[in-house]
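Architecture at a glance
Spelled out from the first residue to the last, the chains are:
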Amino acid sequence: MLLAREAGAALGRLAGQGRTANRLRGLQAATVVAAILFALLGSLGLARRDAAIDDVRQASSQLIAVQNIRVSLVQADSIATSSYLAGGQEDPAKRTEYLAAIARATDQLVDVSNGVDSADAARLAEASELLGGYVGLVEQARANNRQGFPVGAAYQRQANAVVTNDAPEDADIVTLLREVEQSQRATINERLDDAHRAGVWFDAAGWTLLGMIVVGMLWLARRFKRLVNVPIAVAGVLLAIVVLAGTSRQGSSVSDADEAVGTLQTADLATQSRAAGFDARSQEALALINRGNGQANEARWLIAQATAAQSLDRCRVCGPSALAFGRYSDAHERLRDADDSGDWDGAVAMTLGNQGGLVNEFDAFADATESVSDDNAARADERLGDARSGLGMLRIVTIAAGLIVAVLVAIGYGQRLREYR
Amino acid sequence: MRRRQSVAALVAVALWGCSGGTSLPDAVSVEVDAPATTAPPPAPECSEAEAAEDATRSYGPLSPMPAPGGAMPSGSKMEEIAQRGRLIVGISGDTLLFGSRNPFTGDLEGFDVDMLKEVALAIFGGRYEDVDDDELIEYRVITYAQRLPALEAGPDDGGVDIVAHTMTINCDRWLRIAFSSKYYDAGQKVLVKQDSGIRNIGQLDAEGARVCAPLGSTNIDEISDEARYPGLEVVGRADISDCLVALQQGDADAVTGDDTVLAGFVAQDPNTQVVGDTFTEEPYGLGMNVDDIDFVEFVNGVLEDVRSNGRWTELYEKWLLDTGALDPPAPEPPAAVYGR
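Structure report, in brief. (Residues numbered from 1 in each chain as written. Chains lettered and ligands numbered in written order. Predicted model: local features only at pLDDT ≥ 70, side-chain atom pairs only at ≥ 80, totals over all residues. Heavy atoms only, no water.)

The helix and strand inventory of chain A stands at eleven helices and zero strands. With the C-alpha coordinates of chain A rotated into their principal frame, the extents come out at 130 × 40 × 35 Å. The burial tally for chain A puts 52% of its 421 residues in the buried class. Sequence separation of at least 24 residues holds for 84% of the intrachain contacts in chain A that already meet a minimum separation of 6. As displayed, chain A has an accessible area near 18,000 Å², and 57% of this comes from carbon and sulfur atoms. Of the side chains in chain A, 41 bear a positive and 50 a negative charge, and the two mean positions are spaced by 20 Å. (Helix = DSSP H or I, 4+ residues; strand = E, 2+ residues; numbered from the N terminus. Buried < 20%, exposed > 50% of the residue type's maximum accessible area, 1.4 Å probe, protein only. Contact = heavy atoms within 4.5 Å. Areas by Shrake-Rupley, 256 points an atom, 1.4 Å probe, with all protein chains shown as cover. Lys, Arg positive; Asp, Glu negative; His and termini not counted. Charge placed at Lys NZ, Arg CZ, Asp CG, Glu CD.)

So, in structure tokens, the structure goes:
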């Protein structure tokens, strides 16, 4: 009876030892797999974040570039319409400025077309074709005007309609460029979300593995009455360092990306206000060209003015630009008063900059917004570069750490398993 | 400090995870509500009996005419203008030969403008050349659609004293404004490219040609009559000068409008020509406020002088023959009809 009881107890001990060994093997295998998964998923997540932020950087650069094309074009159009009013007295410097703006827009269209998807490339190709037609119409307007032919005004109106119009059935360059801009905005936001989601992979795999190691160490300590399993403890410490460092680096990356987007938004708003401002100048001159029939142009001036004002209102650092634009708007009101009271020549003199300070106020606004736009676009690009910085190295460290942890965990559990052989 | 940054970074990760990250807002878009407008009351129309009468019949000329620069009849519109010191007029700004701005001088000029200068000189006196320098006329460039409202409003409410704007005298307009006697006989014609081989509107109709006319004009109403022109393809443009552009760009085969306007187009594009006879009658008159009958009589007196002293023929030659727009000889000035 005693013998049987001892035999039973021995069998029980053997069975218990078998279960413990199995648990050890199970924990060993699970933790090694988790470590390898951490190496794979963590590095993959970091790679995806790196790629997503790079895409954000490229799309941001494209957005600014497309906006600059729009600004160049509306700036060229505002010069062309003002110069039309000057007729034979056209300022040669303005002519040079117009040609430079057109050349800039043409070059920028080619540059930007190389880095966009097929839908945007098609839009830019159409914009490029329209730009060619626009230049022809402006030259026709200019040639007629210089001969004293009023039909030049019709060509000038048509040229402006190629740049921007309200008729949905008639394509215009500004609408096409705005569509490309919107497409780049969508890419920026989509890839920012991707960058955010990709970071979760590193965190989830890292913290899960760390949890498994801690639980395993606690179980080993209780089951085998040994305070520390050195290889597993080293693995835990190594992993904790990598996960904390990685999480911290990703946090910095997030902060950089956030700051970059905020800065990009400032550049975006400044550029939008700048483009709307030049459009307002075009409409102002067109209203005078369409003498007596410029109500539609004045209505469009109001829309451009409101767009510029709202953009400046949302921009955090555009105070001086907003003040200058307000002064320009006041000067425009005086111009309208002059024209409406029959002093068309006075109104023309104001828009050409010969009196009233209107052009100086507008130039102050244009210069201020250009400065804000350029500075913030450069800062956004820099911050997005910072957001990527170190992610490549962290990826290598993650792979190495995951593999080292796998080996250390295998060794640590292996030491205990040897006791059952 | 560094630890604080790390903590902030960890918090940022957590927050970004919760919020889904920052994003770039859409472009600023401004929607402007269309101003509340009420449909203008329908324009009054003449009865059949009224329409059958001669619309060119105006008020008899003032006799005797006051001396230019002298005292105007007490309480008259002319006295009001003389006291103001300038005549406020409504004209076209882009109708070459009749009313358009000379881009070299900046001056508004044309047959219509010169007619108004004759009226101004009859009130203020002085030399023809000094009208602009002495600012005897305040020009308000107006559209076709603004002609009648500007006269109805009057100069005190943003309107004008008188309009010279290639304006056809007709019965319906007499219900809203008053006209001088006829000062020019115009009519609707077609403008084509010189090498088109087109000779008249009938040929355009037979060939199913594209003919451009300004939207909302009597010209487009005329060619839209399918009973008379079943073959024409009507091309509408916002402005008559847009039609010249359409012809030059090959978007239309012909332009139709008053022969006066088309003559200005020929002057701007020597590769075009006006062909065929006029197929509508467009007698032009100077427009005034319906209540300013004394002023209409005065202007008719001025026009009588202009017709009889050879000035009308001089102006016709200056604007329509010397520019090559029309072939000589100059016609006789249109005869005035009075008795209204």
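A full pass over the atoms with the stated rule returns 22 aromatic pairs over all chains. Ring centres 6.3 Å apart and planes at 50 degrees place the aromatic pair Trp-301 of chain A and Tyr-328 of chain A in the tilted group. You can see Trp-301 of chain A sitting in helix H7 (residues 295–314) and its partner Tyr-328 of chain A sitting in helix H8 (residues 319–340), a full 27 residues away along the chain. Across the pair, exposure class does not vary: Trp-301 of chain A and Tyr-328 of chain A are buried alike. Seen from their ring centres, Phe-295 of chain B and Phe-298 of chain B are 6.5 Å apart, and the 15 degrees between their planes marks the pair as stacked. Of this pair, Phe-295 of chain B and Phe-298 of chain B both sit in helix H12 (residues 293–308), three residues apart, which is roughly one turn of that helix. Take Phe-298 of chain B: its relative accessible area is 0%, and that puts it in the buried class. One aromatic cluster in this structure is built from Phe-98, Phe-111, Tyr-183, Tyr-184, Tyr-284, Trp-312 and Tyr-316 of chain B. Positioned over the ring face of Phe-224 of chain A is Arg-416 of chain A, at 5.9 Å from the centre of the ring. Above the plane of the ring of Trp-174 of chain B lies Arg-340 of chain B, whose end atom (NZ or CZ) is 3.6 Å from the centre. (Phe/Tyr/Trp six-rings, centres within 6.5 Å; stacked < 30°, edge-to-face > 60°. Lys NZ or Arg CZ within 6 Å of the ring centre and 35° of its normal.)

Moving on: empty space enclosed by the protein. Within this structure, the stated rule accounts for two cavities of 30 Å³ or more. Here the largest cavity is characterised by a volume of approximately 120 Å³. Along the walls of the largest cavity sit 13 residues, with Ala-80, Ser-83, Tyr-84, Glu-90 and Arg-142 of chain A positioned nearest its centre. Taken together, the elements giving at least two residues each to the lining of the largest cavity come down to helix H1 (2–86), helix H2 (92–113) and helix H3 (118–146) of chain A. Class assignment of the residues belonging to the lining of the largest cavity gives a composition of five nonpolar, four polar and four charged. The computed volume of the second largest cavity comes to approximately 30 Å³. What lines the second largest cavity is simply Asp-94, Thr-95, Tyr-144, Asp-239, Ile-240, Ser-241 and Val-261 of chain B. Sorting the residues of the lining of the second largest cavity by element identifies strand E3 (94–95) and helix H10 (240–248) of chain B as the ones contributing at least two each. Here the lining of the second largest cavity is built from residues that sort into three nonpolar, two polar and two charged. (1 Å grid on protein atoms, 1.4 Å probe; cavity = no way out; pocket = protein on both sides within 12 Å on 5 of 7 lines; lining within 4 Å. Points joined across faces, edges and corners; volume = space filled by probe spheres on them. Nonpolar A, V, L, I, M, F, W, Y, C, P; charged D, E, K, R; others polar.)

Another aspect to go through is the pairing of strand E10 (residues 188–193) of chain B. Bridge analysis of E10 of chain B against strand E13 (residues 254–258) of chain B gives five bridges, and the strand direction is antiparallel. The partner of Lys-189 of chain B across the bridge, within E13 of chain B, is Gly-257 of chain B. (Pairing = 2+ DSSP bridges.)

Residue and element names in this part refer to chain B. Inspection of the entire model under this criterion finds three disulfides over all chains. Residue Cys-46 pairs covalently with Cys-171 via a disulfide, S to S 1.9 Å. Here the disulfide of Cys-46 and Cys-171 is left-handed, its torsion about the S-S bond being about -100 degrees. Residue Cys-46 is found in the loop between helix H1 (2–19) and helix H2 (48–52), and its partner Cys-171 is found in helix H7 (residues 171–174); the two are separated by 125 residues along the sequence. For Cys-171, a relative accessible area of 17% puts it in the buried group. With a sulfur-sulfur separation of 2.1 Å, Cys-212 is cross-linked through a disulfide to Cys-243. (Disulfide = S-S within 2.5 Å.)

As a further point, take the pattern of salt bridges. Residue and element names in this part refer to chain B. Counting across every chain of the model gives 42 salt bridges over all chains. Across the pair Asp-292 and Lys-77 runs a salt bridge whose closest N-O atoms are separated by 3.7 Å. Within this pair, whereas Asp-292 is found in the loop between strand E16 (287–289) and H12, its partner Lys-77 is found in helix H3 (residues 77–84), the two being separated by 215 residues in sequence. A salt bridge links Arg-210 to Asp-253; the shortest N-O distance between them is 3.0 Å. Separated by 43 residues along the polypeptide, Arg-210 in strand E11 (residues 210–214) and Asp-253 in the loop between H10 and E13 bring together distant segments of the chain. (Salt bridge = Lys/Arg side-chain N within 4 Å of Asp/Glu carboxyl O.)

With that out of the way, let us pick up the interface of chain B and chain A. Facing the 40 residues of chain B at the interface are 53 residues of chain A. At the boundary of chain B with chain A, total buried surface from both sides reaches about 4,000 Å², with 58% on carbon and sulfur atoms. Taken together, chain B and chain A are joined by one salt bridge. Here Arg-157 of chain A makes a salt bridge to Asp-242 of chain B, at a shortest N to O gap of 3.3 Å. Counting across the interface, chain B meets chain A through ten residue pairs in polar contact (both at pLDDT 80 or more). Of all the elements in the fold, those that place two or more residues in the side of chain B that touches chain A are H1, strand E4 (99–101), strand E6 (137–141), H10 and helix H11 (259–268) of chain B. Tallied by class, residues from the side of chain B that touches chain A come to 21 nonpolar, 13 polar and six charged. (Buried area = accessible area lost by both parts, 1.4 Å probe. Polar contact = N/O pair within 3.5 Å; in protein donor to acceptor, adjacent residues only side chain to side chain.)

Residue and element names in this part refer to chain B. Along the chain, His-165 turns up in the loop between strand E7 (162–164) and H7. Taking C-alpha positions, His-165 is 8.6 Å from Ile-142, a pair spaced 23 residues apart along the chain. Beyond its immediate chain neighbours, meaning those up to four positions away, His-165 contacts Ile-91, Ser-92, Asp-112, Ile-142, Thr-143, Tyr-144, Arg-147 and Tyr-183.

Bringing the nonpolar core into the picture now. Tyr-134 of chain A together with Leu-87, Phe-111, Ile-162, Tyr-184, Leu-286 and Phe-295 of chain B are the most contacted members of the largest nonpolar core, which totals 150 residues. In this view, Ile-162 of chain B contacts Leu-87, Ile-88, Val-89, Gly-90, Leu-116, Leu-151, Leu-286, Gly-287, Met-288, Phe-295 and Val-299 of chain B; residues no more than four positions away in its chain are not counted. One finds Ala-52, Phe-202, Ala-235 and Leu-239 of chain A within the second-largest nonpolar core, a separate group that totals 48 residues. (Core = buried A, V, L, I, M, F, W, Y, C linked by side-chain atoms within 4.5 Å.)

Residue and element names in this part refer to chain B. Pairing in this open sheet of three strands is antiparallel, and the strands run E3-E4-E5 from one edge to the other. Strand pairing shows two members of the sheet lacking a second neighbour, E3 and strand E5 (108–109), which therefore form its edges. Sheet topology places E3 next to E4; two bridges connect them, and they run antiparallel. Across the sheet, residue Thr-95 finds its bridge partner in E4, namely Gly-99.

Another point: a negative patch on the surface. Residues Asp-343 and Asp-345 of chain A together with Asp-107, Asp-133, Asp-134 and Glu-135 of chain B make up a contiguous surface patch of negative charge. Here Asp-107 of chain B is to be found in the loop between E4 and E5. (Patch = residues over 30% accessible without salt bridge, like charges linked within 9 Å, V, L, I, M, F, W, Y side chains within 5 Å.)

All right, on to H3 of chain B then. Residues and elements named next belong to chain B. What H3 keeps buried is the set Lys-77, Met-78 and Ile-81. All buried residues of H3 fall inside an arc of 100 degrees around its axis, so they share one side. Buried residues along H3 sit against strand E2 (87–91), helix H4 (111–124) and H12. (Arc of directions from axis to C-beta.)

Now for the sheet that holds E13 of chain B. Residues and elements named next belong to chain B. With mixed pairing, five strands are arranged side by side in an open sheet as E12-E11-E13-E10-E14. In the strand order of this sheet, the two ends are held by strand E12 (233–237) and strand E14 (272–275), each with one partner. Pairs of neighbouring strands in the sheet enclose a mean axial angle of 35 degrees, with direction left out of account. Note that E10 and E14 share four bridges and pair antiparallel. Among the inter-strand pairings, Lys-193 is bridged to a residue of E14, identified as Thr-272. Contacting E10, E11, E12, E13 and E14, H10 crosses the sheet at an angle of about 155 degrees to E13. (Axes fitted to C-alpha atoms, helices over the stretch in contact; angles between N-to-C directions.)

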